[in-house]
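# Residue-level structure breakdown
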Amino acid sequence: MRSLWRTVDRDTVRVSLLICLSVAIVGVSYGVTAGSAGFSLWQLVALAVLVLGASSEFLFIGIIAAGGTAVAAVVAGLLINSRNFAYGLAAGSFLGGGRHRDSGWCRDSGWRRDSGWRKLVGAHLVNDESVAVAMAQGSVKQKRAAFWFCGIGIAVSWPIGALLGGLLGSVVQDPAALGLDAAFPVVILALVLPALREKVTLLAAVIGAVVAVATSPFLPSGIAPLVALLSIAVTIPFREKVR
């Protein structure tokens, strides 16, 4: 375990802490919103711990608050979180049980690749931020360390923010007035900007943005970004030429 934390460099620590801070801030907004929608403190904290997905949780409480059924809210939340399938595939490249060239990582750290419970915990920690931070690293060892560091940080900061928001719900009725939701996309944008220096990645981002903006008026909330993932397929031929 000590080897795991020593593998995380200062830049990764700084980025991860910044992400965790923004996640906690948005968590406060979620807690206030959920409390205003009639959710009890234990309910909104339980959702934050068990679901660990901001978009799906906001959508879930929104549907319930609007008078929708629990089944509709759950299905909508699952649909939004289906994007994690792509992130899970990416995470599988460094969290899977297969053998990697960087095999010394397992011997040095004492971690076993085939540990079932670690895979389950890792799957729960898969999200936009943890995978993005991990994929920005060089070696498999660094990716695994960055993923666990950022993922665990998010798993802690999100429920804490939700708890604080739930406690503040009786004081602040309108979370939008605080502008808390702006913190999260700003941090994500800062995280992906370095990757846009690569022309193919920039092309994929531009195509994805155009697709998302063009389809959002006609698709349910949260589906447009999933459709935008098709931009990855469009840029595959260009990536092959680069290789």
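Treat the numbers as computed from the prediction; the structure is a model and nothing was measured.

### Looking at helix 3 (residues 41-50)
Taken together, the buried positions of helix 3 are occupied by Leu44, Leu47 and Ala48. Buried residues in helix 3, looked at end-on, bunch into an arc of 100°, giving them a common side. More than 90 degrees from the buried face of helix 3, the exposed residues found are Trp42 and Leu50. Those residues of helix 3 that are buried are in contact with helix 2 (10-36), helix 4 (54-65) and helix 10 (140-168). Immediately beyond the C-terminal end of helix 3, within one or two residues, lies Leu52, with a positive phi of roughly 55°.

### Quick look at the packing of helix 6 (residues 84-95) against helix 9 (residues 128-135)
One way to put it is that helix 6 packs onto helix 9 with a least axis distance of 10 Å and a crossing angle of 35°. Here helix 6 and helix 9 pass one another in a crossing that is left-handed. Facing helix 6, whose interface residues are Asn84, Tyr87, Ala90, Ala91 and Phe94, helix 9 presents Asp128, Val131, Ala134 and Met135. Here the contact of helix 6 with helix 9 is built from residues that sort into seven nonpolar, one polar and one charged.

### What about the side chain of Asn127?
One can find Asn127 in the loop between helix 8 (116-124) and helix 9. For Asn127, a relative accessible area of 6% gives the class buried. A polar side-chain atom of Asn127 sits 3.2 Å from the main-chain carbonyl oxygen of Leu125. Within the local environment of Asn127, its side chain forms a polar contact with the backbone nitrogen of Glu129, the two atoms lying 3.1 Å apart.

### Focus: the packing of aromatic side chains
A ring pair, where both rings are aromatic, is described by two values, the distance of the centres and the angle of the planes. On inspection of all chains with the given rule, the structure shows five aromatic pairs. When the centroid spacing of 5.7 Å and the interplanar angle of 80° are considered together, the rings of Tyr30 and Phe58 count as edge-to-face. Of this pair, Tyr30 sits in helix 2 while Phe58 sits in helix 4; the two residues are 28 residues apart in sequence, bridging distant segments of the chain. On the basis of relative accessible area, Tyr30 is assigned to the buried category, the value being 0%. Within the aromatic cluster, the residues linked to one another by ring pairs are Tyr30, Phe58 and Trp158.

Criteria and cut-off values
- Residues numbered from 1 in each chain as written.
- Predicted model: local features only at pLDDT ≥ 70, side-chain atom pairs only at ≥ 80, totals over all residues.
- Heavy atoms only, no water.
- Buried < 20%, exposed > 50% of the residue type's maximum accessible area, 1.4 Å probe, protein only.
- Helix = DSSP H or I, 4+ residues; strand = E, 2+ residues; numbered from the N terminus.
- Arc of directions from axis to C-beta.
- Contact = heavy atoms within 4.5 Å.
- Axes fitted to C-alpha atoms, helices over the stretch in contact; angles between N-to-C directions.
- Left-handed = near helix turned anticlockwise from the far one by under 90°.
- Nonpolar A, V, L, I, M, F, W, Y, C, P; charged D, E, K, R; others polar.
- Polar contact = N/O pair within 3.5 Å; in protein donor to acceptor, adjacent residues only side chain to side chain.
- Phe/Tyr/Trp six-rings, centres within 6.5 Å; stacked < 30°, edge-to-face > 60°.

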